[in-house]
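These are the residues of each chain, in order.
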Amino acid sequence: MTLDCRLYLITPPALTDLTAFGLELTKALEGGDVAALQIRLKDVSDAAIAEAVAALAPIARARDVAVILNDRPDLAASLDCDGVHVGQGDTPYSAARKLMGKDRMVGVTCHDSRHLAMEAAEAGADYVAFGAFFPTTTKDAPTTADPEILSIWQEVMETPSVAIGGITADNAAGLATAGADFLAVSAGVWAYPQGPAAAVAALNAAIAQGLAARP
């Protein structure tokens, strides 16, 4: 069990200008603590994913931020990412682990299901992701999760949990209080009116507030 909670950034679903986004990412990481960056690009070529990893991984790693690729353990391994995140409809955990090896991270989407999370944790997943906790326009969320699932998980399991789905600086504190180890945020950073650095600072402040309220 950890008594901490950290920010887990997810890229916007489309990156049309990698140079411009690299500058946005740099600003975000200057705003405060970030544990990981998930590069999540849909409906693009393998070459475009490789280009994004090549552009963004050095920015992240310069600040000790882990680089995680969404959906594609084959590419995550070949592009030397730190980890991969797989959904229930993506590559099965066992196949992802075989591709990634034992030293890289494999995280698994578990929606609102403790059963799926238990299966993933027992198989060796490095983290399980629950959500969506709030309405989100970043991706289609088939389930709505209750923060209680984070509290129960924190009490009984060692495998870290990631909360995802519509998280912003305004609603993050309660998820940190509930027991999330990481808060995954996309639009809550990139669409923040005051910019990504201010968003990361505000999210870290909300996390600190939430941790202080943990029972």
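Residues numbered from 1 in each chain as written. Predicted model: local features only at pLDDT ≥ 70, side-chain atom pairs only at ≥ 80, totals over all residues. Heavy atoms only, no water.

Trainee: Just to check I follow, could you spell out the overall build of the protein chain for this structure?
Mentor: Secondary structure summary: the protein chain contains 9 helices and 8 strands in total. With the C-alpha coordinates of the protein chain rotated into their principal frame, the extents come out at 45 × 40 × 30 Å. Counting every position in the protein chain, which comprises 215 residues, the buried fraction comes to 50%. Accessible area of the protein chain: about 9,600 Å², with a carbon and sulfur share of 54%. In the protein chain, the 14 positive side-chain charges and the 26 negative ones have mean positions that sit 4 Å from each other. (Helix = DSSP H or I, 4+ residues; strand = E, 2+ residues; numbered from the N terminus. Buried < 20%, exposed > 50% of the residue type's maximum accessible area, 1.4 Å probe, protein only. Areas by Shrake-Rupley, 256 points an atom, 1.4 Å probe, with all protein chains shown as cover. Lys, Arg positive; Asp, Glu negative; His and termini not counted. Charge placed at Lys NZ, Arg CZ, Asp CG, Glu CD.)

Trainee: Would you mind showing me how to read the pairing of strand 2 (residues 36-39) here?
Mentor: Successive side chains on a regular strand alternate, one facing one side of the sheet and the next facing the other. The two faces of strand 2 match: Ala36 and Gln38 on one face and Leu37 and Ile39 on the other face are all buried. The sheet contact formed by strand 1 (residues 6-10) and strand 2 spans 3 bridges and is parallel. Residue pairing across strands places Tyr8 opposite Ala36, the latter belonging to strand 2. With helix 1 (residues 18-30) bridging strand 1 and its parallel neighbour strand 2, the resulting β-α-β unit is right-handed. (Pairing = 2+ DSSP bridges. Right-handed = clockwise from strand over helix to strand, strands pointing away.)

Trainee: What is the right way to look at the pattern of salt bridges in this model?
Mentor: Applying the stated criterion across every chain yields a total of 9 salt bridges. Residue Arg61 is joined to Asp82 by a salt bridge in which the shortest nitrogen-to-oxygen separation is 3.3 Å. Residue Arg61 is found in helix 2 (residues 46-61), and its partner Asp82 is found in the loop between helix 3 (73-78) and strand 4 (83-86); the two are separated by 21 residues along the sequence. On the accessibility criterion, Arg61 (33% relative accessible area) is partly exposed. We classify Asp82 as partly exposed; its relative accessible area is 27%. Here Lys102 and Asp103 are joined by a salt bridge, their closest N and O atoms 4.0 Å apart. By relative accessible area, which is 72% here, Lys102 ends up exposed. Counted as one network, the salt bridges with shared partners bring together Asp46, Arg72 and Asp74. (Salt bridge = Lys/Arg side-chain N within 4 Å of Asp/Glu carboxyl O.)

Trainee: Explain unusual backbone geometry to me, please; I cannot follow it from the model alone.
Mentor: Backbone phi values are negative for most residues with the exception of glycine, while trans is the configuration of most peptide bonds. Between Gly131 and the following residue, Ala132, the backbone shows a cis peptide bond with an omega angle of 0°. Turning to its location among the elements, Ala132 is positioned in the loop between strand 6 (127-131) and helix 6 (148-156). You will see that Asp43, though not glycine, has its phi angle at about 55°, which is positive. By the secondary structure assignment, Asp43 is in the loop between strand 2 and helix 2.

Trainee: For this particular structure, what's the right way to read the packing of aromatic side chains?
Mentor: Aromatic ring pairs are described here by two measures, namely the spacing of the ring centres and the angle between the planes. For the structure shown, the criterion picks out 3 aromatic pairs. Plain terms: the ring middles of Phe21 and Trp190 are 4.8 Å apart, the flat faces sit at 65° to each other, and that makes the pair edge-to-face. You can see Phe21 sitting in helix 1 and its partner Trp190 sitting in helix 8 (residues 187-190), a full 169 residues away along the chain. Centre to centre, the rings of Phe130 and Trp153 are 5.6 Å apart; their planes meet at 75°, and the pair counts as edge-to-face. (Phe/Tyr/Trp six-rings, centres within 6.5 Å; stacked < 30°, edge-to-face > 60°.)

Trainee: Help me out: how do you make sense of empty space enclosed by the protein in this one?
Mentor: Rolled over the atoms, a probe as big as a water molecule pinpoints where empty space is left. For the structure on display, the rule yields 2 cavities of 30 Å³ or more. What the second largest cavity holds in volume is close to 30 Å³. Around the second largest cavity sit Tyr8, Ile10, Gln38, His85, Ala129, Val162, Ile164 and Ala184, which together line it. Elements that contribute at least two residues to the lining of the second largest cavity include exactly strand 1 and strand 7 (161-164). The class makeup of the residues in the lining of the second largest cavity is 6 nonpolar, 2 polar and no charged. (1 Å grid on protein atoms, 1.4 Å probe; cavity = no way out; pocket = protein on both sides within 12 Å on 5 of 7 lines; lining within 4 Å. Points joined across faces, edges and corners; volume = space filled by probe spheres on them. Nonpolar A, V, L, I, M, F, W, Y, C, P; charged D, E, K, R; others polar.)

Trainee: Explain the pairing of strand 1 to me, please; I cannot follow it from the model alone.
Mentor: Of all 5 residues in strand 1, 4 are buried; the element is thus mostly enclosed. Summarising the sheet, strand 1 and strand 8 (residues 182-185) pair through 4 bridges and their orientation is parallel. Its bridge partner lying in strand 8, Leu9 is registered against Val185.

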